[in-house]
Amino acid sequence: MAVYLVTGAAGFIGANYVHRLLEWEPSDAEVIAVDYLGFAGNHANLAPVSERIVFEKADIADLETMRAIYRRYRPDFVVNFAAESHNDRAILEPSAFMRSNALGAQVMAECSRRVPVRSHVHVSTIEVYGELAPGNEWFTEGSALNAKTPYSAAKAAGDQIVRAYMRTYPDLNIRMTHCANNYGPYQLPEKLIPLAVTNLLRGRKVPVYGDGSHSRDWLHVADHCAAVHRVLHADLEPIPARAATEPELLPIFDISARCEVGNLDMASRVITMLDLDPSEWIEHIPDRPNHDRRYLISPEKIESELGWRPVHDFDAGMAETVAWYVEHREWWEQIIEERGELGFDWAGVRAAGSAP
Ligand SMILES: NC(=O)c1ccc[n+]([C@@H]2O[C@H](COP(=O)([O-])OP(=O)(O)OC[C@H]3O[C@@H](n4cnc5c(N)ncnc54)[C@H](O)[C@@H]3O)[C@@H](O)[C@H]2O)c1
C-alpha cells in the first residue's frame, strides 16, 4: 500500500486526480486529501470517493501543520496541486496568491525534505512563461519565466523555489510540471467553459472578454492527471551538472495536446453544443486588465522521455464536458447559491472604485 498526499484535492484538477488515482490503484493507494477549502475549494468534489480517502482541512503554507500531517501519514508520494488559481481574483486580492502559490510551494518542498518521500510533483502552469510573442511557435522547458499577472507571478515564484530545491537537494526527488489550460468536470463555474454552460442553461448570455481574440492551449483534465501520475512515478536519471545553466535538463515536464483555440471560438462551440445560435448568445464585456493574449506549450519532452500522450480527442472531450455540466445541475447550483454569481464584470469593479 502506497500513501499518496494530494493537496488542493477539493479543487478542479486535484479532485479529478484523486478520482482517477482510486481507479488506477483501487487497492494499492491510501489517499490523504489536503485542502483549506478556500474560494475555489469544494468538498462536494470529493463526495463520490469520500469513503475511500482521508480528508485533512489544512493550509499548505503552514509549516507546522503540514509537518504534522507528513509525520502522521508518512507519504510515499506527494502531488501539490494546491494554489489560488483564478486570475481575476488575483488582481483584486494578490496576497492570498503569494501565500499559497509561493510560500505554499516552499513549505511543501521543505516537508518532503524533512520527512523524505519517494517522489514529489509540484504542479505548475503554462502561465509562468508569460504571453507567447507573435511569431513564436511555443514555450518549452528551457523558456525563460516571464510571468505577467499576479497569479502567474506567484506561481513563477513557487517555480523558482522548487528549482532551487531541485538543485540544492538532489536526493529530494522533486519534479515539476507546467500544463496548458484544462477542461473537464468539476471546474468552478467562474472559468470560461462551465461559466458558459451554466449561464446558457439559465437563459443568460456567455460573457467574452474584449474582442475574444485571446487564445488558449486546451487539454482534457484526465490527460493532465495521467501526465502528472507518469511524472510522479518516472524513474529519472540524476540531475546533471549542466542543469545549472540549462533548465530544460531539470526534472520539469511541459504538458499539452497542442490544441490552440480562441476564446470566441470556444464560447461559440459551447453555445452550438447546446443547440443555440452564437450570434444571439455572446456578450462582449470589458477586458480584464493585463490579460495574457496567447499561450502554447510543447509537450515534446514528456512525450519523448516518458512516453506520455494525450488520449482525449478535443471535440469528443468537449461534448462530454458540456454534457457533464448539463447533467450535474445540482452540483453547480449549490456553488452559485453559496458564492453568488461567478462571472467577473470589470466595468462594475472599476465603477465601484476597487479596481487595481
Ligand atoms: N486549471 C487549469 O487550467 C490549470 C492549468 C495548468 C496548471 N494548473 C495548476 O493546477 C493546480 C490546480 O488548479 P485548479 O484549476 O484545480 O485550481 P482550483 O482553484 O480549482 O483548485 C485549487 C485548490 O487548492 C486549494 N488551495 C489553495 N490554496 C491552498 C492552501 N494554501 N492550502 C490548502 N489548499 C489550498 C483551494 O481551496 C482549491 O481547492 C494549480 O496549481 C494550478 O496552478 C491549473
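Conventions used here
- Residues numbered from 1 in each chain as written.
- Predicted model: local features only at pLDDT ≥ 70, side-chain atom pairs only at ≥ 80, totals over all residues.
- Heavy atoms only, no water.
- Helix = DSSP H or I, 4+ residues; strand = E, 2+ residues; numbered from the N terminus.
- Rg over C-alpha atoms; globule rule 2.2 N^0.38 Å.
- Buried < 20%, exposed > 50% of the residue type's maximum accessible area, 1.4 Å probe, protein only.
- Contact = heavy atoms within 4.5 Å.
- Areas by Shrake-Rupley, 256 points an atom, 1.4 Å probe, with all protein chains shown as cover.
- Right-handed = clockwise from strand over helix to strand, strands pointing away.
- Pairing = 2+ DSSP bridges.
- UniProt positions renumbered as here; feature names shortened; annotations may be inferred.
- Near = heavy atom within 4 Å.
- Polar contact = N/O pair within 3.5 Å; in protein donor to acceptor, adjacent residues only side chain to side chain.
- Nonpolar A, V, L, I, M, F, W, Y, C, P; charged D, E, K, R; others polar.
- Axes fitted to C-alpha atoms, helices over the stretch in contact; angles between N-to-C directions.
- Parallel < 35°, antiparallel > 145°, perpendicular 65-115°, else oblique.
- Left-handed = near helix turned anticlockwise from the far one by under 90°.
- Lys, Arg positive; Asp, Glu negative; His and termini not counted.
- Salt bridge = Lys/Arg side-chain N within 4 Å of Asp/Glu carboxyl O.

Colleague: Just give me the short version of the overall build of the protein, but keep the residues and values in it.
Modeller: Assigned secondary structure in the protein consists of 13 helices and twelve strands. By the compact-globule yardstick of 21 Å for 356 residues, the protein fits well, its C-alpha radius of gyration being 20 Å. Its C-alpha atoms give the protein principal-axis dimensions of about 55 × 50 × 45 Å. Relative to its full complement of 356 residues, the protein shows a buried share of 55%. The contacts in the protein between residues at least 6 apart in sequence include a share of 80% that link residues at least 24 apart. For the protein, the exposed area adds up to about 14,700 Å²; of that, 49% sits on carbon and sulfur atoms.

Colleague: Before we move on, can you summarise the pairing of strand S6 (residues 174–179) with the specific residues and values?
Modeller: Counting buried residues in S6 gives six out of six residues, a clear majority hidden from the surface. Alternating residues of S6 divide into Ile174, Met176 and His178 and Arg175, Thr177 and Cys179, and every residue in both groups is buried. This β-α-β element, strand S5 (residues 119–125) to helix H5 (residues 150–168) to S6, shows right-handed connectivity. Of the strand pairs in this sheet, S6 and strand S10 (residues 252–255) are connected by four bridges, and their pairing is parallel. Of the residues in S10, the one forming a bridge with Met176 is Ile252.

Colleague: Explain the UniProt feature "domain: NAD(P)-binding" (unreviewed entry) in the protein residue by residue, including any values.
Modeller: On the UniProt side, "domain: NAD(P)-binding" (unreviewed entry) is annotated at positions that read residues 5–321 here. Here residues 5–321 runs as 38% helix and 18% strand, with 27 Å between its end C-alpha atoms.

Colleague: Lay out the site of the ligand with the relevant residues and their values.
Modeller: Around the ligand lies a shell of 30 residues, among which Ile13, Asp35, Ser85, Tyr151 and Lys155 are the nearest. One nitrogen or oxygen atom from the main chain of Ile60 is found 2.9 Å from a nitrogen atom belonging to the ligand. The contact in question runs from a nitrogen atom of the ligand to an N or O atom on the side chain of Ser100, over 2.8 Å. Coverage of the ligand by the protein amounts to 97% of the 830 Å² it exposes when considered alone. Contributing elements (two or more residues each) for the shell around the ligand: helix H1 (12–24), S5, H5 and strand S7 (181–183). Examining the composition of the shell around the ligand, we find that three residues originate from one element, S5, more than from any other. For the shell around the ligand, a count of residues per class yields 15 nonpolar, eleven polar and four charged.

Colleague: Let's hear about the packing of helix H6 (residues 192–200) against helix H11 (residues 314–327): which residues, and what values?
Modeller: At a closest axis distance of 10 Å, the pairing of H6 and H11 adopts a crossing angle of 50°. Taken together, the axis directions place H6 and H11 in an arrangement best described as oblique. Judged by the sense of rotation from one axis to the other, the crossing of H6 with H11 is right-handed. Side by side, H6 and H11 meet where Ile193, Pro194 and Val197 of the first sit next to Met318, Thr321, Val322, Tyr325 and Val326 of the second. Here the contact of H6 with H11 is composed, by residue class, of seven nonpolar, one polar and no charged.

Colleague: Help me get a handle on the side chain of Lys301, residues and values and all.
Modeller: By secondary structure assignment, the location of Lys301 is in helix H10 (residues 300–306). Although Lys301 is buried, it forms no salt bridge, and the closest oppositely charged side chain is Glu305 at an N-O distance of 4.8 Å. When residues no more than four places from it in sequence are discounted, the contact partners of Lys301 are Glu141, Glu248, Leu250, Ile252, Phe253 and Leu306.

Colleague: Any details on the pairing of strand S4 (residues 77–80)? Residues and values, ideally.
Modeller: The alternating pattern of S4 places Phe77 and Val79 on one face and Val78 and Asn80 on the opposite face, and all of these are buried. In terms of strand pairing, S4 meets S5 through four bridges, oriented parallel. Within S5, the position partnered with Val78 by the bridge is His120.

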